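Residues per chain, in single letters:
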Amino acid sequence: MTTQRPQPKPGRPKYHDFITDIEKGIIKTPEFQRESAWPIEKTTALLDSIVKS
């Protein structure tokens, strides 16, 4: 049996919601062709720069 993923909702999500979803594993972040995955702090900084641009 497959697990259903939550459907995206229309609207403008809050920055905090992105971070929470990453921490819960709902949003997956790629390894970006590096030897190891980015730590949460670096991923947060990337998303912060995207949201603010």
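Residues numbered from 1 in each chain as written. Predicted model: local features only at pLDDT ≥ 70, side-chain atom pairs only at ≥ 80, totals over all residues. Heavy atoms only, no water.

Observations regarding the pattern of salt bridges
For the record, the criterion: Each salt bridge in this description consists of a side-chain nitrogen of Lys or Arg and a carboxyl oxygen of Asp or Glu lying within 4 Å of one another. Secondary structure elements follow DSSP: runs of H or I of four or more residues count as helices, runs of E of two or more count as strands, with numbering from the N terminus. The buried label applies to any residue whose accessible area, calculated with a 1.4 Å probe on protein chains only, is under 20% of its type's maximum; exposed applies above 50%, and partly exposed to all values in between.
Taken as a whole and judged by the stated rule, the model has 1 salt bridge. The closest approach of N and O atoms between Lys-52 and Asp-48, which form a salt bridge, is 3.2 Å. Placement of the pair is Lys-52 and Asp-48 together in helix H2 (residues 40–52), with a separation of 4 residues, close to one helical turn. On the accessibility criterion, Lys-52 (65% relative accessible area) is exposed.

A short note on the environment of Pro-6
As for its placement among the helices and strands, Pro-6 is situated in the segment before helix H1 (15–24). The class of Pro-6 is exposed, set by a relative accessible area of 63%. Once the C-alpha coordinates of Pro-6 and Ile-26 are considered, the two residues, 20 residues apart in sequence, prove to be 8.7 Å apart.

Some points on the packing of H1 against H2
Keep this limit in mind: To define axes, lines are fitted to C-alpha atoms, for helices over the stretch in contact only, and angles between the resulting N-to-C directions are given on a 0 to 180 degree scale. Oblique is the label for any angle not covered by the other classes, which are roughly parallel (under 35 degrees), roughly antiparallel (over 145) and roughly perpendicular (65 to 115). Crossings are sorted by hand: turned counterclockwise from the far helix by less than a right angle, the near helix makes the crossing left-handed, and turned clockwise it makes it right-handed. Contact criterion: two residues are considered in contact whenever any of their non-hydrogen atoms come within 4.5 Å of each other. Put simply, Ala, Val, Leu, Ile, Met, Phe, Trp, Tyr, Cys and Pro go in the nonpolar bin, Asp, Glu, Lys and Arg in the charged bin, and everything else, Gly too, in the polar bin.
Relative to each other, H1 and H2 sit at 150°, their axes nearing to 11 Å. Relative to H2, the element H1 is oriented roughly antiparallel. The way H1 lies across H2 gives a crossing that is right-handed. Between H1 and H2, the residues in contact are Tyr-15, Ile-19, Ile-22 and Glu-23 and Ile-40, Thr-43, Thr-44, Leu-47, Asp-48 and Val-51, respectively. Counted by class, the contact of H1 with H2 contains 6 nonpolar, 2 polar and 2 charged residues.

A few points about the environment of Val-51
Checked against the element boundaries, Val-51 lands in helix H2. Residues Val-51 and Lys-14 lie 37 residues apart in sequence; the distance between their C-alpha atoms is 9.5 Å.

So, the side chain of Thr-43
Secondary-structure assignment places Thr-43 in helix H2. Apart from residues lying up to four places away in sequence, Thr-43 is in contact with Ile-22, Thr-29 and Trp-38.

Keep in mind these values describe shape, not function.
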